[in-house]
Amino acid sequence: MSGKKRLFIETLGCAMNVRDTEHIIAELEGDYEVTKEIKEADLILINTCSVRERPVHKLFSEVGAYEKIKKQGAKIGVCGCTASHLGSDVFKRAPYVDFVLGARNISKIKTAVKTPKFVSVDINHDESEYAFGDFRSSPYKSFVNIMIGCDKKCTYCIVPQTRGDEISIPSNIILNEVAKAASNGAKEIFLLGQNVNNYGKRFSGNHDKIDFSDLLNLISKVDGVERIRFTSPHPLHMDDKFLQEFSSNPKICKSMHMPLQSGSTSILKAMKRGYTKEWFLDRAAKLRELCPSVSISTDIIVAFPGESDEDFADTMDVLEKVRFEQLFSFKYSARPLTPAATMTNQISDEVASKRLATLQARHTVILDEIVESMRDMVFEVYFEELRAGGYVVGRTSNNFLVQVKGSEELLGKLANVKITDPKRMVLYGQII
Ligand code: SAH
Ligand code: SF4
Ligand code: F3S
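Keep in mind that this is a model prediction, so the values were computed, not measured. (Residues numbered from 1 in each chain as written. Chains lettered and ligands numbered in written order. Predicted model: local features only at pLDDT ≥ 70, side-chain atom pairs only at ≥ 80, totals over all residues. Heavy atoms only, no water.)

## Some details on the overall build of the protein
Argument step 1. A tally of regular secondary structure across the protein gives 13 helices and 19 strands.
Argument step 2. In summary, the protein has a C-alpha radius of gyration of 22 Å against a globular reference of 22 Å for 432 residues, a match within 12%.
Argument step 3. Principal-axis analysis of the C-alpha atoms gives the protein an extent of 60 × 60 × 50 Å.
Argument step 4. The burial tally for the protein puts 54% of its 432 residues in the buried class.
Argument step 5. Within the protein, residue pairs in contact and separated by at least 24 positions form 70% of the contacts whose partners lie at least 6 positions apart.
Argument step 6. A total of about 18,900 Å² of accessible surface is found on the protein, and carbon and sulfur atoms cover 52% of it.
Argument step 7. Averaging the positions of the 58 positive and the 57 negative side-chain charges in the protein gives two centres separated by 2 Å. (Helix = DSSP H or I, 4+ residues; strand = E, 2+ residues; numbered from the N terminus. Rg over C-alpha atoms; globule rule 2.2 N^0.38 Å. Buried < 20%, exposed > 50% of the residue type's maximum accessible area, 1.4 Å probe, protein only. Contact = heavy atoms within 4.5 Å. Areas by Shrake-Rupley, 256 points an atom, 1.4 Å probe, with all protein chains shown as cover. Lys, Arg positive; Asp, Glu negative; His and termini not counted. Charge placed at Lys NZ, Arg CZ, Asp CG, Glu CD.)

Here it is in structure tokens:
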């Protein structure tokens, strides 16, 4: 026994929250060690997401359940995007919560834990140069933030209200962090930001104004870095320089996230995405031409207010043309204080469900064809995780999950794998 108190932390939402959770653990490391057992925790934290309505409901049902089973005297803290968004209203819905700490305020976690009913949710708080302690949940892959906040004003999206304006983290801080992660054995670096390819537009102090393509190039030269991934890039900022760097730099993994949201130019305009259907198709075609091994993933929202059958047909048309290797699809969810929430032409849930099912069913067929075409092909896989029954899983450069027979020795290693049984969720193969 270390004599430290116990921390239970649950992470909802996106990769930024996963990294924020690592930062929280690092800040508290002197006093707390992580436990997976809620019942033995002295501190229970939920790192929340408010991008759609459902995770917000889930939060309140969960804190209610935690309150009933927690150890006597244990504290409960609500962190992250729903904390930013609801502030002290969290106490009104869940009076037993001890503190509320917004997504851009996690450097104050130690004070929050010590101060009764502490609330800090200022979205102008600047943590872009804060030196967080060092904690990483995986020795093989390291998340590295390159910016905080988001300057876009997509009309459906709550993120600018929860994470504030976009500020880039100075490149010297990023490069130091990458070097440290790589020297600790992480061959893969995963860069994070809401609009990564808009990197370098604004810093909080005076710093070298390099862009995202330059940053990728610098990171690829750091000793020990074998693979670079990033999320999320924005289709609007996919200029030729970026596509060129992506395609020609062998350290950059050949998997690109291109969040389409809608295939209809008029819906894209209502969403304030800043690009057209044609621009998106042009960028995707250019990317496939420059980089034939690329896989393209996307996010699509169906039933945005005013979406007609023709608009939805445009989304289906982009799906046919781009044949995304991975699809994350959602029914539009009205979020408080976003412009889309008060648009008068909201779509019924029945239509939304039908469109989502149509989109997902067609994508499943496309994906089955894609994975079948990978049978007998050989890919370099980076192994990261053990699976029950003597198996190990890892990812190809273009982000397909691959499973082979094997044990610990494979973890953190790259090996060539022949795909023998490709399935939608995982490609089964053999090391050659
Ligand atoms: N910065 C990223 C998005 C982060 S949010 C980008 O621009 O791509 C992740 C995804 O959640 C979005 O891409 C979008 O598809 C979805 N999303 C955001 N707000 C939503 C809403 N109000 N309803 C449904 N889905 C939403
Ligand atoms: Fe939200 Fe748009 Fe910013 Fe992405 S770019 S986080 S969808 S406002
Ligand atoms: Fe959710 Fe906040 Fe990420 S709203 S998707 S956790 S930026």
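The rest of the description comes next.
## Here's the deal with the domain arrangement of the protein
Argument step 1. You can read the domains of the protein as domain 1 (5-120), domain 2 (141-372) and domain 3 (378-431).
Argument step 2. Once you take the C-alpha centre of each, domain 2 and domain 3 turn out to be 26 Å apart.
Argument step 3. Taken residue by residue, the interface counts 20 residues in domain 2 and 17 residues in domain 3.
Argument step 4. Both faces considered, domain 2 and domain 3 share a buried interface measuring about 1,400 Å² in area, 49% of it formed by carbon and sulfur atoms.
Argument step 5. It is Lys187, Arg227 and Val371 that lose the most area in domain 2 upon contact with domain 3, and together they represent 38% of the buried surface on that side.
Argument step 6. At the junction of domain 2 with domain 3, the criterion picks out two salt bridges.
Argument step 7. With a closest N to O distance of 2.8 Å, Arg424 and Asp368 form a salt bridge.
Argument step 8. Counting across the interface, domain 2 meets domain 3 through ten residue pairs in polar contact (both at pLDDT 80 or more). (Domains from an automatic or database assignment. Buried area = accessible area lost by both parts, 1.4 Å probe. Salt bridge = Lys/Arg side-chain N within 4 Å of Asp/Glu carboxyl O. Polar contact = N/O pair within 3.5 Å; in protein donor to acceptor, adjacent residues only side chain to side chain.)

## Some details on the nonpolar core
Argument step 1. By size, the foremost hydrophobic cluster in this structure holds 80 residues, and its most contacted members are Ile146, Tyr156, Ile174, Leu191, Phe212, Phe230 and Met256.
Argument step 2. If you tally residues by element for this core, the top one is helix α13 (residues 349-372), at six residues.
Argument step 3. Looking at which domains feed residues into this core, each of domain 2 (141-372) and domain 3 (378-431) gives three or more.
Argument step 4. Leave out the neighbours within four places in its chain, and Tyr156 touches Gln261, Met271, Arg273, Ile301, Phe304, Tyr332, Arg335, Thr338 and Ala340.
Argument step 5. Within the second largest apolar cluster, 21 residues are counted, among which are Ile38, Ile46, Ala83 and Val100. (Core = buried A, V, L, I, M, F, W, Y, C linked by side-chain atoms within 4.5 Å.)

## A few points about the site of ligand 2
Argument step 1. Near ligand 2 the following residues occur: Cys150, Lys152, Cys154, Tyr156, Cys157, Val159, Pro160, Gln194, Asn195 and Arg273.
Argument step 2. A per-class count over the shell around ligand 2 returns six nonpolar, two polar and two charged. (Near = heavy atom within 4 Å. Nonpolar A, V, L, I, M, F, W, Y, C, P; charged D, E, K, R; others polar.)

## Focus on the UniProt feature "binding site: [4Fe-4S] cluster 2" (unreviewed entry) in the protein
Argument step 1. Here the UniProt-annotated "binding site: [4Fe-4S] cluster 2" (unreviewed entry) positions come out as Cys150, Cys154 and Cys157.
Argument step 2. Along the chain, Cys150 turns up in the loop between β8 (147-148) and α6 (159-163).
Argument step 3. Residues in contact with Cys150, not counting those within four places in the same chain, are Pro160, Gly164, Asp165, Glu166, Gln194 and Asn195.
Argument step 4. Topologically, Cys154 is positioned in the loop between β8 and α6.
Argument step 5. Those residues within four positions of Cys154 in sequence are excluded, and the remaining contacts are Met271, Lys272 and Arg273. (UniProt positions renumbered as here; feature names shortened; annotations may be inferred.)

## With respect to the sheet that holds strand β14 (residues 326-331)
Argument step 1. The three strands are arranged β12-β13-β14 in an open sheet whose pairing can be described as parallel. The sheet terminates laterally at β12 (255-257) and β14, the two strands that pair on one side only. Ignoring which end each strand starts from, the neighbouring axes of this sheet average 15° apart.
Argument step 2. Inspection of the sheet shows β12 paired to strand β13 (residues 295-302) by three bridges, in the parallel sense. Bridging from a neighbouring strand, Ser255 pairs with Ser295 of β13.
Argument step 3. Here α13 sits on the sheet in contact with β13 and β14, set at roughly 175° to β14. (Pairing = 2+ DSSP bridges. Axes fitted to C-alpha atoms, helices over the stretch in contact; angles between N-to-C directions.)

## A look at the pattern of salt bridges
Argument step 1. Applying the stated rule across the entire model yields 30 salt bridges.
Argument step 2. For Glu33, the salt bridge is made with Arg6, and the minimal N-O distance between the two is 3.1 Å. On the criterion of sequence distance, the pair formed by Glu33 in strand β2 (residues 32-34) and Arg6 in strand β1 (residues 5-11) is long-range, its members being 27 residues apart.
Argument step 3. Its relative accessible area of 26% is what places Glu33 among the partly exposed residues.
Argument step 4. A salt bridge links Asp42 to Lys71; its shortest N-O distance comes to 2.8 Å. Taken together, the residues Asp42 in the loop between β2 and β3 (43-48) and Lys71 in the loop between α2 (53-69) and β4 (75-80) connect sequence positions 29 residues apart.
Argument step 5. What emerges from the salt-bridge pattern is a single network uniting Arg19, Glu22, Arg136 and Glu177.

## Observations regarding unusual backbone geometry
Argument step 1. Here the bond from Thr231 into Ser232 is cis, since omega is -10°, no more than 30 degrees from zero.
Argument step 2. One can find Ser232 in the loop between β11 (227-231) and α9 (240-248).
Argument step 3. In this structure, Ala303 takes a positive phi of about 65° despite not being glycine.
Argument step 4. Note on placement: Ala303 falls in the loop between β13 and α12 (309-322).

## Some details on the sheet that holds strand β17 (residues 401-405)
Argument step 1. Strand order in the closed barrel formed by five strands is β15-β16-β17-β19-β18, and the pairing between neighbours is mixed. Ignoring which end each strand starts from, the neighbouring axes of this sheet average 55° apart.
Argument step 2. Pairing analysis gives five bridges linking strand β16 (residues 391-396) to β17, with the strands arranged antiparallel. When the sheet's bridge partners are listed, Val392 is paired in β17 with Val404.

## Considering helix α7 (residues 171-183)
Argument step 1. Its 13 residues give α7 an end-to-end C-alpha distance of 18 Å, which sits within 8% of 18 Å, the value for a rise of 1.5 Å per residue.
Argument step 2. Of all the residues in α7, the buried ones are Ser171, Ile174, Glu177, Val178, Ala181 and Ala182. Angularly, the buried residues of α7 cover 130° about the axis, an arc narrow enough to put them on a single face. Looking at α7, the residues exposed on the side facing more than 90 degrees away from the buried face are Asn176 and Ser183.
Argument step 3. Considering only its buried residues, α7 is in contact with α1 (15-28), β7 (141-145), β10 (188-192) and α8 (212-220).
Argument step 4. Positive backbone phi, at 105°, marks Gly185, one or two positions downstream of α7. (Expected span 1.5 Å × (residues − 1). Arc of directions from axis to C-beta.)

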